[in-house]
Amino acid sequence: MRLSVTALLVTLALCYYEANAIVCPTFAADLTEFFYFPDLLYRLSLAKYNAPPEAVAAKMEVKQCTDRFSVKNRLIITNILGKILLNCTVTDVKAVLNPSSA
């Protein structure tokens, strides 16, 4: 449960920083891959970031913890994260279209 709270906090931090950038679709796809891809496929997916081996190993270690979540709990977490990402994107688009309201 602590890991899901951490994931939510990271997502909130990424969405609500001062730059008001639209949430990167790659980030949303990576969250889905993190929760649903098998280890081998996810490790291959991480290759696109050219991250150092230590960072990949750390990410895979966290993934092994989340892999123990039930499918029901994974669906709940990704549903919540999806709502947060959608809200961030809508808020950021409104700020871009009407900067005087921010």
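Each residue is numbered by its place in its chain's sequence as written, counting from 1. Restriction of local features to residues with pLDDT of at least 70 applies here, the model being predicted, together with a cutoff of 80 or more for giving and counting side-chain atom pairs; totals for whole chains, interfaces and linings are based on all residues. Each side-chain value is worked out from all heavy atoms of the structure, with water and hydrogens disregarded.

A. Seen up close, the UniProt feature "glycosylation site" in the protein. UniProt positions are given in the numbering used here, feature names are shortened, and annotations may be inferred rather than shown by experiment. According to UniProt, the feature "glycosylation site" maps to Asn87 in the numbering used here. Runs of E in the DSSP output that reach at least two residues are strands. Runs of H or I that reach at least four are helices, and both are numbered from the N terminus. Mapped onto the secondary structure, Asn87 falls in helix H5 (residues 71–97).

B. Local environment of the pattern of salt bridges. Any carboxyl oxygen of Asp or Glu that lies within 4 Å of a side-chain nitrogen of Lys or Arg is treated as forming a salt bridge with it. By the definition in use, this model includes four salt bridges. A salt bridge links Lys59 to Asp30, with the shortest nitrogen-to-oxygen separation between them at 3.7 Å. Placement of the pair is Lys59 in helix H4 (residues 53–66) and Asp30 in helix H2 (residues 25–36), with a sequence separation of 29 residues. Burial here depends on accessible area, computed with a 1.4 Å probe over protein chains only, as a share of the maximum for the residue type. Under 20% is buried, over 50% is exposed, and the range in between is partly exposed. Overall, the relative accessible area of 9% leaves Asp30 in the buried class. We note a salt bridge from Asp67 to Lys63, for which the minimum N-O separation is 2.9 Å. Residue classification places Lys63 among the buried positions, given a relative accessible area of 0%. One network of salt bridges, with partners in common, ties together Lys63, Asp67 and Arg74.

C. Spatial organisation of unusual backbone geometry. Positive phi, close to 50°, is recorded for Asn50, a residue that is not glycine. Positionally, Asn50 belongs in the loop between helix H3 (39–46) and H4. Using a relative accessible area of 69% as the deciding quantity, one classes Asn50 as exposed.

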